[in-house]
Amino acid sequence: MVLVFAEATNGKFKKAAHEVVTYGAKTAAALGSDCVALTLGNVEDAGDLGRFGATKVYNVSAPELAGFDSGVFTAAIAGAAQQLGAKVIVLSHNSTGKNLTGRLAARLDAGSAPGVKAVPVVDGGKFTVRKAVFSGKAFADVEILTDTKVVSLVGNSIPVEESGSAVGVESLTVELPAPKVKVLSTKRAEGTTPLPEAELVVSGGRGLKGPENWGVINDLADALGATTACSRPVADSDWRPHHEHVGQTGVAIHPNLYIAAGISGAIQHLAGVNSSKTIVVINKDPEAPFFKAADYGVVGDLFEVLPRLTEAVKKFKSA
Amino acid sequence: MKMLVCVSKTPETTTKIQLTADKTDLDKGGVQYIMNPYDEWYALVRALELKEAGGGSVTILNVGPADNDSVIRKGLAIGADDAIRVNSEGGGSLYIAKQIAAQAEGYDIVFFGKETIDYNGSEVGAMVAELLGVAYVGEASHLEMNGNVATITRDIEGGVEVVEVSTPLAISAAKGMAEQRIPNMRGIMMAKRKPLNVVEPVDAPSTTEVASYELPPAKSAVKLIDPENMDELVRLLHEEAKVI
Ligand SMILES: Cc1cc2nc3c(=O)[nH]c(=O)nc-3n(C[C@H](O)[C@H](O)[C@H](O)COP(=O)(O)OP(=O)(O)OC[C@H]3O[C@@H](n4cnc5c(N)ncnc54)[C@H](O)[C@@H]3O)c2cc1C
Ligand SMILES: Cc1cc2nc3c(=O)[nH]c(=O)nc-3n(C[C@H](O)[C@H](O)[C@H](O)COP(=O)(O)OP(=O)(O)OC[C@H]3O[C@@H](n4cnc5c(N)ncnc54)[C@H](O)[C@@H]3O)c2cc1C
């Protein structure tokens, strides 16, 4: 059995939850087994996960799960997996998942593949799954050798698919330890999609010359409904907040579209953005290395090109 | 406070990744190595700052072969007091975590980087925390200590969460926790005399094996668009790339 941990934020599922359930259902199909989903705490309409291929949804609710403590969540997921006899556990490779995958693997003495990008290949008892390594500069096909396996899925790497309809939700009781972590506050930016989950990203570099010029980036992002990002020197100079810094030592992103303006395309920048499906580069220097990694390039002054592109997007959207 | 900083050795960030002919390993010819940036810039420096403010000790731990000693010495030059190397060729993340856990009893804080820049696992710190039965806070961008109580800010999607935890604890460091320190001549000289204890690994099986590596397919040549004609770019993004 494949057990998928479907995370809810303030009681609601985000796209990442639908992606992991889709992934779990496909993994179960490859193994000739079933996929069930696990939710923790109060979740609205948990049975809806059946639409993405879960044959049943389980829920563990307890006061210990009110704030995020990786130890308590691990006990809940591992306990559910053991009660249900699940052999494969699937999570999202997001901030929650990164706090849990390793703990679960250690607790269950299981092999793990963190940050996978594709459904496992099951062949003659071998379970092999592809993950990005060297910050996207290569892939590794990782064979998990243990009976119990833990994998975490990178966001936006497989399309969400509907293959069923809503299913029943059953409560499970799992013994939980007392939390060691006390949550004091949780803050999330309202409105915009966070970078690691974004499908469309508009990014600016040192070519913007200063923080006062970011209007051209924001206008294009608003027209597209995109999230904004920046290169490292831009964040280091405090032109933009640190959480916008993408690259090898910043956020690794995997959007469908990455538009980079005034960014030269240093190898450390590329490492965090080269999983983008389509890359557009706007740079006044035709020799900028970023053009080698781009699908579409515009050689020109970004202060002229970006407003023109914003107008073209608005025209397209209103057509 | 007794602090342990786990450091990994990784290829330098500008390394062009090439594979061996049978694709089962990185072609290591000509590759320059560094201390994993998250371990060096953030985890180690924050541990040193806490020691400077409140006393205690900072020990570096690496699981790896003898040629990792140069990376360990760099950590000593930046200011750690001593180091342990578990003499091993490695064997996957859970193997490494078991080696670290066998050395990590008795520390108030065990520091990790948020991920290695080679295998990008983001899992060793959480594994060690589970093996030790202590709290773990991953991707932390701030850490303040007040006695034995830590206030930690951790990065979450599109925001931050602030938590409070008592020692002992394990933490993985992300950007924001500290600023990189460059070792000075005195530090480099002193590092040569600091203790680096080599210990043998405990028995632990490999739980994963990389069957093969693959390089991403080469990008086809960039399609250049007339900067005057952004309608054309929008058309291509819609009709050809199908991303808007
Ligand atoms: C260990 C290490 C880790 C690193 N990690 C990262 C990382 O995670 N992310 C990251 O981004 N960097 C990282 N870097 C830094 C990286 O090496 C580059 O220095 C950085 O990416 C350059 O930023 P940039 O492209 O914005 O600036 P620049 O390299 O200065 O490029 C500016 C570009 O703007 C163009 N330009 C200027 N004016 C205009 C205009 N009017 N119109 C159009 N184009 C214009 C120029 O032609 C130029 O190509 C790292 C470096 C090291 C050593
Ligand atoms: C192709 C390839 C070649 C490699 N070659 C070498 C090599 O030549 N020499 C070598 O020493 N390692 C080598 N490694 C091992 C690698 O550097 C990592 O240590 C190991 O793969 C664990 O990675 P991870 O991404 O799961 O760690 P993560 O979970 O991402 O690491 C999180 C943190 O755990 C700590 N940590 C991770 N690994 C260690 C360690 N070994 N010792 C102490 N603390 C650690 C660090 O604080 C790190 O920031 C290689 C890995 C690969 C994939």
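If you're wondering where the values come from, they're calculated on a predicted model, not measured in any experiment.

Conventions used here
Every chain is numbered independently, its residues counted from 1 as its sequence is written. Chains and ligands are labelled sequentially in the order written, the chains with letters from A and the ligands with numbers from 1. Under the rules for a predicted model, residues below a pLDDT of 70 receive no local features and side-chain atom pairs below 80 are neither given nor counted, while totals for whole chains, interfaces and linings still include all residues. In computing side-chain values, all of the structure's heavy atoms are included and hydrogens and water are not. For the purposes of this entry, the term helix denotes a DSSP run of H or I that reaches at least four residues, the term strand denotes a run of E that reaches at least two, and both are numbered from the N terminus. With the radius of gyration taken over C-alpha atoms, the globule rule is written as 2.2 Å times the number of residues to the power 0.38. Think of it in three bands: with a 1.4 Å probe and only protein chains considered, a residue is buried below 20% of the maximum accessible area for its type, exposed above 50%, and partly exposed in between. Here the bounds of each domain stem from an automatic or database domain assignment. Any two residues having at least one pair of non-hydrogen atoms within 4.5 Å are treated as being in contact. Buried area: the sum, over both parts, of the accessible surface (1.4 Å probe) that disappears when the two are put together. Salt bridges are identified by distance alone: a Lys or Arg side-chain nitrogen within 4 Å of an Asp or Glu carboxyl oxygen. By convention a nonpolar core is built from buried Ala, Val, Leu, Ile, Met, Phe, Trp, Tyr and Cys residues, the set being connected through side-chain atoms within 4.5 Å. Note on pairing: DSSP must find at least two bridges between two strands before they are called paired. Whenever a helix is involved, its axis is fitted only over the stretch in contact; in every case the axis is a line through C-alpha atoms, and angles between N-to-C directions fall within 0 to 180 degrees. An expected span of 1.5 Å times one less than the residue number is assigned to each helix. Note that bend, as reported per residue, equals the angle between axes fitted to the 7 residues terminating at that residue and the 7 residues originating from it.

Chemist: Sorry if this is basic, but what is going on with the overall build of chain A here?
Modeler: Scanning chain A from N- to C-terminus turns up 7 helices and 18 strands. Here chain A has a C-alpha radius of gyration of 21 Å; the compact-globule value for 319 residues is 20 Å, and the two agree. In terms of overall dimensions, chain A has a C-alpha envelope of 60 × 45 × 40 Å along the principal axes. Relative to its full complement of 319 residues, chain A shows a buried share of 60%.

Chemist: Is there a simple way to explain the domain arrangement of chain A in this structure?
Modeler: Interfaces are often sized by the accessible area lost when the parts come together. Residue and element names in this part refer to chain A. For chain A, the domain assignment lists domain 1 (2-171) and domain 2 (195-318). Taking only C-alpha atoms into account, the centre of domain 1 sits 32 Å from that of domain 2. Across the contact, 9 residues belong to domain 1 and 13 residues belong to domain 2. Of the roughly 850 Å² buried at the junction of domain 1 and domain 2 (both faces included), carbon and sulfur atoms supply 35%. Its largest share of buried area at the contact with domain 2, domain 1 owes to Ser135, Lys137 and Asn156, together 54% of the area lost on that side. At the junction of domain 1 and domain 2, the tally comes to 2 salt bridges.

Chemist: I would appreciate a short explanation of the nonpolar core in the present structure.
Modeler: Buried together is how nonpolar side chains tend to be arranged in soluble globular proteins. Ranked by size, the top nonpolar core spans 54 residues in total, and within it Leu3(A), Leu40(A), Ile77(A), Ile100(B) and Val110(B) carry the most contacts. Those residues in contact with Ile100(B) that sit more than four places away from it in its chain are Cys6(B), Leu61(B), Val63(B), Phe112(B), Val124(B) and Val128(B).

Chemist: Sorry, what's going on with the sheet that holds strand 4 (residues 57-64) of chain B here?
Modeler: In sheet architecture, strand pairing relies on hydrogen bonds along the backbone and comes in two forms, parallel and antiparallel. Strand order in the open sheet made by the 10 strands is 13(A)-9(B)-8(B)-7(B)-10(B)-6(B)-1(B)-4(B)-5(B)-11(B), with mixed pairing throughout. Across the chains shown, the open sheet's two edge strands, defined by having one partner strand only, are strand 13 (181-188) of chain A together with strand 11 (196-199) of chain B. Pairs of neighbouring strands in the sheet enclose a mean axial angle of 30 degrees, with direction left out of account. As paired elements, strand 6 (residues 109-113) of chain B and strand 10 (residues 169-173) of chain B share 5 bridges and run parallel to each other. Residue Val110(B) lies in a different strand from strand 10 of chain B, and its bridge partner there is Ala170(B). Where helix 1 (residues 37-54) of chain B meets the sheet, its contacts fall on strand 1 (2-6), strand 4, strand 6, strand 7 (135-146) and strand 10 of chain B, and the angle it forms with strand 6 of chain B comes to roughly 155 degrees.

Chemist: Teacher, can you tell me more about helix 1 of chain B here?
Modeler: Helical geometry: 3.6 residues make up each α-helical turn, so side chains three or four residues apart lie on a common side. All names here are of chain B. Over its 18 residues, helix 1 runs 25 Å from end to end, which matches the ideal 26 Å to within 8%, given 1.5 Å per residue. If you look at helix 1, its biggest bend is around 25 degrees, right at Leu44. Along helix 1, 13 of the 18 residues are buried, which leaves the element largely enclosed by surrounding structure. Immediately beyond the C-terminal end of helix 1, within one or two residues, lies Gly55, with a positive phi of roughly 80 degrees.

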